[in-house]
Structures are given as structure tokens and as C-alpha cells.
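Residues per chain are reported as follows:
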There are 2 protein chains.
Amino acid sequence: TPIQTPDWVKHAVFYQVFPDRFARSSRIKHLPGLKFKPWGSESIHDGFQGGDLLGVVDKLGYLEELGVNAIYLTPIFTSASTHRYHTYDYLEVDPLLGGDDALRELIDKAHERDMRIVLDGVFNHTGRGFWPFHHILENGGNSPYIDWFTVHDWPLQPYPTEKDIPPNYSCWWNLPALPKLNTNNPAVREYLYEVARHWIKFGIDGWRLDVPHEIDDDDFWRTFRQVVKSENPAAYICGEIWSEARRWLQGDQFDAVMNYLFTGPAISFFAAETYRNDYIHPHLPFEPIEADKFASLIDRMYGYYDWEINFAQMNMLDSHDMARAKWITQDDSALRLCVLFQMTMPGAPCIYYGDEVGMTGGPDPDCRQAFPWHDESLWDYDLLRFYRRAVALRRTHECLRVGELTTLHAEGPVYAFSRNLNGSQAVVAFNTSHERVPVNLKPRHLEGPFKQVWPLESHEGHELSGDELSCTIPPRDAVVLVRGE
Amino acid sequence: TPIQTPDWVKHAVFYQVFPDRFARSSRIKHLPGLKFKPWGSESIHDGFQGGDLLGVVDKLGYLEELGVNAIYLTPIFTSASTHRYHTYDYLEVDPLLGGDDALRELIDKAHERDMRIVLDGVFNHTGRGFWPFHHILENGGNSPYIDWFTVHDWPLQPYPTEKDIPPNYSCWWNLPALPKLNTNNPAVREYLYEVARHWIKFGIDGWRLDVPHEIDDDDFWRTFRQVVKSENPAAYICGEIWSEARRWLQGDQFDAVMNYLFTGPAISFFAAETYRNDYIHPHLPFEPIEADKFASLIDRMYGYYDWEINFAQMNMLDSHDMARAKWITQDDSALRLCVLFQMTMPGAPCIYYGDEVGMTGGPDPDCRQAFPWHDESLWDYDLLRFYRRAVALRRTHECLRVGELTTLHAEGPVYAFSRNLNGSQAVVAFNTSHERVPVNLKPRHLEGPFKQVWPLESHEGHELSGDELSCTIPPRDAVVLVRGE
């Protein structure tokens, strides 16, 4: 059977929300006296600023105006951490976020606007408060749940008083706060599948999977896919795999991955002159590159996978797990070029919350600051306008989403490609230099004239002579021409 | 306004169930591979034997035959301990017990048989896995829940590696496993009231309150009563107060207490010769006493409270918090006299599960062994028959439940009293000696002859001359005569 991924994803523009820091609603009925940090205070790991899911509901209009039609939420289940990757209860939305009722409202209101909601599934490890782990902690080897985790010796020491002693049970990255589930236990598998099914039934549109390679078991993920797709064939399954991911992208496990293979080359090329080379991330090798190297990286990336997969990849410039693109690139034009590239390439772009108004910040926790709703003087409105236009460009031209990709030119500062879909064609040409650069391209033959759709505010001019297209690309910008629509 | 307690309680015979050890159903759909201890294995604190609420449902016929019409369940909410006094989630029945669905079935099936269900509310302290405590443990002083508990210093040490270091947060009895809720925090109050309301709405018939004196705040309990009674005016509120309890029994807080003031004198009198005097319990002073001392203790006990309260007290001979009555008394006749006394006095008797088939055992955990459904050869059928008859005696004669109490005789081994209700009367005379004892009593005047209703199998004979009643009480037994019914 041919590989199949959800159609809606191919046409989606995602927006990633870190719920504690995106928006706080006044509509949540919290118990009195909960002590949140002030909105916009310093981002610290333990500093709950009280963002919630009705806050997201309140901003759906803003997101729609931005052009977003899918939201990926980092974890929202009950968890005693601001990032909520330490799950306490997989079957309950955190009461600090408004509980299940708030998710109900978010899903319903989003669906009314044709927006999708994807949740973060953290199935490799749990928090120390997760019921079966807590049960073992309290009862030792006598707990009926003893086979849910892997304990090396007793007594269990999940809150060690001395540092640097490795935990005496299996953990993710040896972090005692993150005990690793024993997914070889059929009960654990059944439980996790039930969780996956429960929320799909509840109405979510897909799962982003946290560190799924740590569950080193293709059968686990194959069954996971069957469970999810049998409940909703259009549900999206997107794994967090930072490297080449063919193992999981054969059509029987995930639909896509968080495509960080897109991130490294994009920043390396578009921000070659300015990126922060003292920013070291184990999964993101940056290096100053020119168009030929860039093209080879991009070709290699798309070459790994079936196009059904490529069109459904989640293309990121940044996320909660890395510094913000603005901070890394240190240059607004580089950021804009990256965004334009994201909006014109195969794969669903994902905008990390607040990037569009100029939020910046280094590695976690700086990349998780509160969205500045409280002070619009902090907003970069020019950038926001740019984002809206760039997203609209993608949303307007179907060939930019699902058209076939052909590299047309890759040399020095210029990278150009075409996107062909049935009778329509887009030609996209980037120029990373600080000069205007003329370029001759030879896109596939198609009748009819090109129309310039980018830049929006200036007419750059182009000439079509036979199959040869000549145009000039403004400095640190791109030209996008379309025809046949 | 006059004091008012629920009518049904005055007519109730309770049966106390310790859910992990009462009965195990095969109908619970557990996740595979849960490791329970074998049913009937040694009773240890951490040894889950897998009793569940459908197990109770399966035994409702047995309980009905015993004559029981109310069940008091020790805690059933999610809790990582066999006794479940360490609450993890107040709003969920423990999945090991079958979850909310099993309680639903138990309540519905019990109500069909006119049986009531009373739950155990542990509102003073929680377990270490309780969400807000866990939140503070993980996030320290930055947790929004910081005011839910009282922390003395940081870092919190709920799992100390060295013993005998007092915990650095407020706990019940300085036990780190039992952090004390800060009930001065309005949020905590609101939360606990919501819990109380939730389960009353769910259909339970009342709350037994664990260590309520530890929440040293009459207003807390007054509001608690209002919350409960506004949801169901007939709901029972019974505090675990081991001593004189006038403070709470003025009509505005509890309906009753677990009446251990009944237990001590009963065992002291009826088992004066045999009780285990090396059994020390801080709240249960035993001493060999004769009828005059016994009468004064009993009179004092009833004298403390309004009769509306006395009729609704929960009269215990034992419980999960003490050795079993059979073990303490070390004599079957003493146990039977205690039970007969319990069945003829004001206040709702409570039978601790398995006492009726001869289960024995010293202090916790020995008093919490598995009910021997697996081996009926362990049953004392004579004792069971006795229990059924003694319970039936009470259930048959309304005056034994709500009749006015008058002491008629209290001297040496003989204690006798009458119970008058409108035109009916019961005369009850106990003889703790090993000889037949004649006694002359002068019950309140009433027309008509007495009928002997106890013992059932022998006719002891009695004579009524004017208002003077003469009868002979068999050795270590009682005579019960009734008239006017």
C-alpha cells in the first residue's frame, strides 16, 4: 500500500504554543489564591506564569489573522513543571490550564475556524508523581505496578540529596525527574494506547511525539499508528526526531517528524554572516554555507523520504527546545529569509509562538518567555506584517504547498527553485547577498506569463524569453513568480 | 433548632469493609500483569491482595443475610497504600478497586437492597503524591500551590534517607508520608468541600471523617456540614473521635462519632476475666470491671449527648485501627456478650468485616487479613449463626433501636436495662458470670405479658408480678423480653 499522510497537514501552517507562556485568560475559574508569577516576569523553569487554554481560545482571532490553521501545543496534561513534560496524569488536562473543559472549548472553537489542534504525547517517560511510579515509590517491590518501570535497587531514590549519583531506576537521560516507562510491559503499552485513543476520541487532530526514538521498538509505534488511525484516519502523527528519520517514515509509523534537518541548513545559509557561532546545540550543526552546499543539504533531506511524507513534515525554524531563530540569526533580514524559505518549501511550516512579533531569547528557559500581550510596545509590527504576508503567500498558492520541487539554481548567494502543481507553477529565487543579483532560470515549460507575488510592494521586473526566465532579486530578499493558476 | 440526625442511621446495622481485604471480584478489568499478593497471604502493609468494590457487590447477598443494611468503607480513593489513608486523588476511586464505575455499581446495587454506603473522608492530610503536594515537591516555593501545605524549610524532604529526622513540613503525627493540608487556605477549604459535595452528589449516604479533631476549627466543620446536608439532608456525618466528643456533637458539626467510648467498657465488663491485658491501645483503657462501674461508664457516655445523637452513634467493638475483639477478649462467650450488648443498645452497631465468621488478629496489620472466602473451613459457622440472630433481634424490635434507655440493675455480674418506645418495651439482662443468676427487675409499667426473644433456643422462664419481673439469666448470656409490640 502506498504511503499516505493527512491531506490537511500538507496545507497547514502550524503555530507552536507553549501553554504556560502564550496567553492567560481571565475566564478560568481557579481555586482562590494560586500564586502565579507576574505575566512577563523572568522566564525561569519553576516560574508558572499562568498561561492557559482559554488564553489560546481568546487569541484564535489573532492566529487566524496571522494565517495559522493548526496549533501544536506542547504538553497540556497535568504535570508539575512549567513545560509539562513530566506527566502526572495522562488523562487529565492540567487544572492550571483550565482542565478538560478548556481543551473542549479550544478544540470546538478552533474547529469552527477550520483550525486543527495537535497535542504533545510524552510516552517514553513520566513524572515522579505519575500514579504507578508513585505507587512503587510508596510501596517498593510490593506494588502491583512494579513492572511498569525498571528498578535497579532499593530503596528507590527519586529525590536524591546528593547530586551526581545516577538514579537507581531507568530514567530518560539519567534524570531522576523522568522515570522511563517499561514499554515492554503489555499493560504499559495498553495504557499508552488507551491514552492515545482517548484524546483522539476527545477531538484532537494529532499527536506530536516526544523523544519517540527512546522507545526503541518499531512494533510499539506501528500499533500506536493503528490505534490512532483507526480512531481518526486523518489524525497526524509527528515524531520528535532531530536527525534523518527514514526508520520511522516508511508509512507504517509516523506521518512526519519535527523537521530540524530543515532548520540547520536554513539558518546556516540565510544567516551565514551573522548567526551566533557560540551557540552550540547537539542536534543543530550551523556553519556558514553558500547556495550549492545549501542545495545539497536540502536535496538530501527531501531525498530521504517519500513526497507524501515531505509534504507533511513539520518545518521548524526554532522551538521550545532551542534558542529562538531571531536570537541565533542576529539579523532581521536573515530571519525573514528563513521564514520566506519555510513558507515556500514542501512541508508544513511551524511558527514558534511570538517569533512573529519579534520575541527573542537564547536557549531554554529564555526561549520560553511570556508573549507580550501586556505591552504591545514590545511588538515588532513590521515583522508581524511580514509574517502575515509570508503566510498568506503560502496559503494563497497551492503549488507552494504541494507542488513538485525542482532546484533551478544554486550558486553563491542565489538559491532558486520551482514548485509545479498540475498546470500551475511558482518560481522562487533567494538572494542572500547585499546586492541586487540578476539570475537566469529555466523552469519547466508552461504557457502563459508569470506574475510577481513577492516582494509585494515593489515590482522587480522579469523577462521570459522562450523557456528562459530572467529576473533580478533584491538584496537579502526573494522573488516569487507564479503562473498558470 | 433541635438537633437532628438521619433517621436511617438510627435503624442501621453497619458493616465495616477494608476494601483491599474484604473480597476480590473477577469482574474488574485490570490492566494485564498487575502483581497482587495471593488472597489470604500474610497481612503486611504493602501487600496488596486485590480486594475491590465489585467484590463488595458480589457479597451484598451475604451481607443482607447477615442483616446488615449499611456499609462503611475505609478509604477508596486513589492512594498508594493498602489502607488508602494517603490520598493521591480525592476525585477518583482507586483503579485497583475498580474505579468510579465500580463504586457506581456498588451504590446502585446497595440502594436496590435498601443498604447505605458511607465513605471515609481523609481531609486532614494527604499522600505525598497528592497533586498540590507533589507540585510543591517538584517546584519548591515557586509552585502556585505553595499555600496548600505548611513548609518549614527547603528543600522539601518527604523521602528522608535518615530516620528520626522530623519532616520539614507539617505532617500528621510527624509522619512524612502524611503531609497536613493547610485548611486555613480558603482554596483548600473550597477544594475539600467540593470533594464532599462531589461524592454526595454521586450517591453516597454519608462521610466517616478521619481524625477530624486535627482540623482544629469548628467553622471548617460547620460549613462542611452545611455543604453535605444541602446536597442530601439525610447524609450521615460521623467523626473519628476516640474520646468524649461534645464539642462536635451539638448538632452543627457531626451527627455522631465512631463510638469507641462504647468499646472500652464493653470489653472491660464482658471480657473482664479473659481480655488480653498486655494489649495497650492509647485510646482504649481496659480494666476488669463489674456491673456498677460498667453502668456508670455507659450512663456517662450517653449522658454526654442528646439522644438524637446517641441513637445515631456508630457503636464499635473493633475496627481496622485496633486488634479484633475476638483477639482481645480471647473468649467466645465474651465476644458474643459484647455483640448482644451492641445489638440491644442505642446507637448503630458496626460489625468489623469478618468478625462474624471468627476472624481474629492483633493490632494492625494483623487485624486486616483477607476475608476467608477462599477457605470456608476457616469459618466459625456457629458464630455466624449467632451474629445473624443477634442482628435480627435488633432489626426485628424497633424499641431496641430507638427506645428510651433505662438502667434497671447493675450489680456484680448482672447488668439489665429496659428500652421503651411508645407502647412497646424490651427488657435486656446480661449475666457475665458462669452460673445461672436470678434477678428481679422493675421495668416501667406497661400492660401485657412479656415474650422471651433471647435466647432463641431455650425458654428461661420469667414471672411478672405486678410491676416486678423475675427471671433467670443463663451463664454468660442475656435474656431479652419484649412486650407491647
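Residues numbered from 1 in each chain as written. Chains lettered and ligands numbered in written order. Predicted model: local features only at pLDDT ≥ 70, side-chain atom pairs only at ≥ 80, totals over all residues. Heavy atoms only, no water.

Colleague: So what's going on with the relation of the copies chain B and chain A? Residues and values would help.
Modeller: The second copy of the chain is related to the first by a rotation about an axis and a shift along the axis. Least-squares fitting of chain B to chain A yields an RMSD of 0.0 Å, with the superposition described by an axial translation of 0.0 Å and a rotation of 180°. Given the turn and translation reported, the copies of this chain are related as if by a two-fold rotation axis. Looking at the rotation axis and the C-alpha trace of chain B, the residue lying nearest is Gly129 of chain B, at 2.8 Å. (Least-squares fit on C-alpha atoms with pLDDT ≥ 70 in both.)

Colleague: Can you explain the interface of chain B and chain A? Please cite residues and give values.
Modeller: Taken together, the 43 residues of chain B in the interface contact 43 residues of chain A. For the chain B and chain A pair, buried surface summed over both sides reaches about 3800 Å², with 57% attributable to carbon and sulfur atoms. Interface area lost by chain B to chain A is led by Tyr88, Trp131 and Pro144 of chain B, which between them contribute 17%. Put simply, chain B and chain A have four salt bridges between them. Arg128 of chain B is the partner of Glu138 of chain A in a salt bridge, and the nearest nitrogen-oxygen pair spans 2.9 Å. Where the side of chain B that touches chain A is concerned, the elements lending two or more residues are β3 (77–79), α6 (131–139) and α7 (186–202) of chain B. Classifying every residue of the side of chain B that touches chain A by side-chain character gives 21 nonpolar, 14 polar and eight charged. (Contact = heavy atoms within 4.5 Å. Buried area = accessible area lost by both parts, 1.4 Å probe. Salt bridge = Lys/Arg side-chain N within 4 Å of Asp/Glu carboxyl O. Helix = DSSP H or I, 4+ residues; strand = E, 2+ residues; numbered from the N terminus. Nonpolar A, V, L, I, M, F, W, Y, C, P; charged D, E, K, R; others polar.)

Colleague: Go over the sheet that holds strand β9 (residues 314–316) of chain A with me, naming the residues and quoting the values.
Modeller: All names here are of chain A. The eight strands lie next to each other as β1-β2-β5-β6-β7-β8-β9-β10, forming a closed barrel whose pairing is parallel. On average, each strand axis in the sheet is inclined to that of its neighbour by 25°, with strand direction left out of account. As paired elements, β9 and strand β10 (residues 348–352) share three bridges and run parallel to each other. By the bridge assignment for β10, Met316 is matched with Cys350. In the packing of helix α13 (residues 332–344) onto the sheet, the strands contacted are β9 and β10, and the crossing angle to β10 comes to about 145°. (Pairing = 2+ DSSP bridges. Axes fitted to C-alpha atoms, helices over the stretch in contact; angles between N-to-C directions.)

Colleague: Outline the domain arrangement of chain A, supporting the account with residue identities and numerical values.
Modeller: Residues and elements named next belong to chain A. Domain annotation for chain A reports domain 1 (7–124 + 183–396), domain 2 (131–174) and domain 3 (403–483). For domain 1 and domain 2, the distance between their C-alpha centres works out to 31 Å. Between domain 1 and domain 2 lies a buried interface of about 500 Å² when both sides are counted; carbon and sulfur atoms form 61% of it. In terms of surface lost to domain 2, no three residues of domain 1 exceed Asn185, Val188 and Glu214, which account for 49% of the buried area on that side. Our enumeration of links across domain 1 and domain 2 arrives at zero salt bridges. Remark: the boundary between domain 1 and domain 2 carries two residue pairs in polar contact (both at pLDDT 80 or more). Sort the elements by how many residues they give to the side of domain 1 that touches domain 2 and helix α7 (residues 186–202) lands first, with three residues. When grouped by side-chain class, the residues that make up the side of domain 1 that touches domain 2 number five nonpolar, two polar and one charged. (Domains from an automatic or database assignment. Polar contact = N/O pair within 3.5 Å; in protein donor to acceptor, adjacent residues only side chain to side chain.)

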